[in-house]
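The lines below spell out each chain.
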Amino acid sequence: MQPGLLLIGGATPRMMDKMNAHFEVHQLSEITDFNTWATENGETIEAVATNGHDGVKPDIMAALPNLKVISCYGVGYDAINTDTARSRGIMVTHTPGVLNADVANLAILLMLATSRCLVRDDKWVRSGNWANRGNAPLTTSIENKKVGILGLGRIGGEIARKLEVFGCDISYHTRNAKDVAYTYRDNLVEMAREVDYLVAITPGGEATNKLVNREVIDALGPEGTLINVARGSVVDEQELVLALQEGRLGAAGLDVFENEPHAPEALFEMENVVLTPHTASATVETRQAMGDLTVENLIRFFKEGKVSTPVPECADMG
Ligand code: NAP
Ligand code: 8YV
């Protein structure tokens with residue numbers, strides 16, 4: 001008999017085909033009464049496939065006594081309690097590396113879209129302003145600007161490398177200095193004060209909760225731009241909205257929000273804000289690579305007792 005797998009959230013047809021070939025798949029979205037379903041099927045579930053947004057809620061993990069592996073379609077796994085998983089001997093995997101390029105590209109796209117007023121200028125043409133009012137106001141360049149990267153890991157490093165093409169002067173803030181040529185800043189407020197752009201690309205979770213607070217936003221200031229491709233929780237969203245409304249922050253490019261899929265409505269009418277719906281990794285190519293790795297981890301776990309990409313907390317578990 002094939003091991004039971006609970007799928008939380010969606011999966012591409014390619015992922016479904018592979019999962020169906022190796023597992024007895026149950027989809028959470030098709031279960032109307034979870035408690036009744038869990039009483040009847042909970043013991044048969046040995047694997048969970050989920051994503052960075054849905055994670056695994058505590059009541060779901062508790063209802064699966066024979067769970068052995070959780071595979072996350074995404075690199076960020078802050079929605080999965082790895083302490084609980086580890087204490088129960090449950091392996092947790094994620095998809096690092098394969099999405100670096102596209103997430104970095106979106107971060108830079110948001111920098112360009114905010115600095116060059118892409119959304120405003122698109123409207124300028126479509127609304128007839130160009131013909132009726134003349135040329136759009138000038139924008140600003142990202143060439144040679146100062147960029148501070150909050151989180152210089154796999155993706156932050158890729159953002160930095162790509163920004164070298166624009167001649168940007170790059171500094172970064174992390175807990176530990178890295179062996180790189182960029183300038184390390186151990187104080188986030190001081191870094192924010194000195195840069196034109198602050199790009200957040202840390203994990204979510206308690207350690208980074210509201211790292212970008214009022215003090216950091218004010219240090220970035222009316223000429224500064226905040227780019228957030230990390231997690232909504234990394235930025236104090238209320239303070240961000242206030243700062244934009246009061247002109248204390250120049251602009252923002254945001255892919256992630258505190259209460260997804262909702263973004264603060266106050267941002268919708270702001271011309272100096274560019275919003276994307278958590279799509280930094282959402283290209284066909286990258287999502288295929290993420291899906292392949294998500295399923296590969298599950299299949300390897302049951303075939304070989306090993307996985308390709310465990311989360312660091314589970315790296316010693318097999
Ligand atoms: P990574 O390689 O683990 O890098 C994380 C970086 O953040 C490291 O440089 C780490 O350095 C730093 N960091 C961690 N905690 C910190 C703290 N409290 N203060 C300051 N810096 C801290 O991870 P990655 O693969 O680059 O991914 C980063 C995150 O991007 C993911 O976890 C996810 O939340 C987000 N992401 C978002 C999207 C999207 O669709 N928008 C897509 C992919 C990833 P130190 O350990 O030295 O502090
Ligand atoms: C995904 C992400 O969109 O990898 C991450 O951490 O945030 C994104 O790539 C997310 O996992 C939801 O599927």
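The rules behind each value
Residues numbered from 1 in each chain as written. Chains lettered and ligands numbered in written order. Predicted model: local features only at pLDDT ≥ 70, side-chain atom pairs only at ≥ 80, totals over all residues. Heavy atoms only, no water. Buried < 20%, exposed > 50% of the residue type's maximum accessible area, 1.4 Å probe, protein only. Helix = DSSP H or I, 4+ residues; strand = E, 2+ residues; numbered from the N terminus. Pairing = 2+ DSSP bridges. Right-handed = clockwise from strand over helix to strand, strands pointing away. Axes fitted to C-alpha atoms, helices over the stretch in contact; angles between N-to-C directions. Parallel < 35°, antiparallel > 145°, perpendicular 65-115°, else oblique. Left-handed = near helix turned anticlockwise from the far one by under 90°. Contact = heavy atoms within 4.5 Å. Nonpolar A, V, L, I, M, F, W, Y, C, P; charged D, E, K, R; others polar. Near = heavy atom within 4 Å. Polar contact = N/O pair within 3.5 Å; in protein donor to acceptor, adjacent residues only side chain to side chain. Areas by Shrake-Rupley, 256 points an atom, 1.4 Å probe, with all protein chains shown as cover. Arc of directions from axis to C-beta. Domains from an automatic or database assignment. Buried area = accessible area lost by both parts, 1.4 Å probe. Salt bridge = Lys/Arg side-chain N within 4 Å of Asp/Glu carboxyl O. 1 Å grid on protein atoms, 1.4 Å probe; cavity = no way out; pocket = protein on both sides within 12 Å on 5 of 7 lines; lining within 4 Å. Points joined across faces, edges and corners; volume = space filled by probe spheres on them.

Colleague: Even after reading the chapter, I still don't get the pairing of strand 11 (residues 251–254), so can you show me in this structure?
Modeller: Burial along strand 11 is two-sided: the face carrying A251 and G253 and the face carrying A252 and L254 are both buried. One ladder, built from four bridges, connects strand 10 (residues 225–228) with strand 11; its direction is parallel. In the sheet register, T225 faces strand 11, and the bridge partner there is A251. As for the winding sense of the linkage, the β-α-β connection from strand 10 through helix 11 (residues 237–245) to strand 11 is right-handed.

Colleague: It is not clear to me how the packing of helix 5 (residues 100–115) against helix 8 (residues 154–163) should be interpreted in this structure. Could you clarify?
Modeller: Working note: a packed helix pair is described by the angle between its axes plus the distance between those axes. Two elements in contact, helix 5 and helix 8, have axes whose closest approach is 8 Å; the angle formed by their N-to-C orientations is 55°. By the angle class used here, helix 5 and helix 8 are oblique. Crossing angle aside, the handedness with which helix 5 passes helix 8 is right-handed. Contacts between helix 5 and helix 8 pair N100, A101, V103, A104, N105, A107, I108 and M111 from the former with R154, I155, E158, I159, K162 and L163 from the latter. When its residues are assigned to classes, the contact of helix 5 with helix 8 shows nine nonpolar, two polar and three charged.

Colleague: Help me out: how do you make sense of unusual backbone geometry in this one?
Modeller: With the exception of glycine, the majority of residues adopt a negative phi angle, and the majority of peptide bonds are in the trans configuration. In this chain, E260 is followed by P261 through a cis amide linkage whose omega measures 10°. With respect to the helices and strands, P261 occurs in the loop between strand 11 and strand 12 (273–275).

Colleague: Teacher, can you tell me more about the site of ligand 2 here?
Modeller: The environment of ligand 2 is formed by 13 residues, the closest being V75, G76, R231, H278 and S281. In this structure, an oxygen atom belonging to ligand 2 sits 2.7 Å away from a main-chain N or O atom of V75. G76 places a main-chain nitrogen or oxygen 2.8 Å from an oxygen atom of ligand 2. Within the complex, 88% of the 330 Å² of free accessible area of ligand 2 lies under protein.

Colleague: For this particular structure, what's the right way to read helix 1 (residues 13–22)?
Modeller: A turn of α-helix holds 3.6 residues, and therefore any two residues three or four places apart point the same way. Residues of helix 1 that are buried include every one of M15, M16 and M19, and no others. Down the axis of helix 1, the smallest arc covering the buried residues is 100°, so these residues share one side. For helix 1, the exposed residues set more than 90 degrees away from the buried face come down to P13 and D17. Looking at the buried residues of helix 1, the elements they touch are strand 1 (4–7), strand 2 (24–27), strand 3 (45–51), strand 4 (69–73) and helix 12 (284–304).

Colleague: Mind showing me how you'd approach the domain arrangement of the protein here?
Modeller: Domain boundaries assigned for the protein yield domain 1 (4–98 + 285–314) and domain 2 (100–275). The straight-line distance from the C-alpha centre of domain 1 to that of domain 2 is 32 Å. At the junction of the two partners, domain 1 supplies 10 residues and domain 2 supplies eight residues. Between domain 1 and domain 2, roughly 670 Å² of surface is buried when both sides are summed, and carbon and sulfur atoms account for 43% of that area. Broken down residue by residue, the surface that domain 1 buries against domain 2 is led by H53, D78 and G97, which jointly contribute 54%. Along the contact surface separating domain 1 from domain 2 lie one salt bridge. Among the ionic pairs, R231 bridges to D78, the shortest N-O distance being 3.0 Å. At the junction of domain 1 with domain 2, the criterion picks out three residue pairs in polar contact (both at pLDDT 80 or more). A breakdown of the residues in the side of domain 1 that touches domain 2 according to their chemical character gives three nonpolar, six polar and one charged.

Colleague: Help me out: how do you make sense of empty space enclosed by the protein in this one?
Modeller: Left-over empty space is what a probe sized like a water molecule reveals as it rolls over the atoms. Using the criterion set out here, one finds two cavities of 30 Å³ or more in the structure. Taken as a whole, the largest cavity spans an internal volume of roughly 40 Å³. What lines the largest cavity is simply N228, G232, V235, E237, L240, L254, V256 and F257. Here the residues of the lining of the largest cavity are counted per class, giving five nonpolar, two polar and one charged. Empty space within the second largest cavity amounts to approximately 30 Å³. What lines the second largest cavity is A113, T114, C117, L118, V119, R120, E271, V273 and V274. Contributing elements (two or more residues each) for the lining of the second largest cavity: helix 5, helix 6 (118–126) and strand 12. The element contributing the most residues to the lining of the second largest cavity is helix 6, with three residues. Here the lining of the second largest cavity is built from residues that sort into six nonpolar, one polar and two charged.

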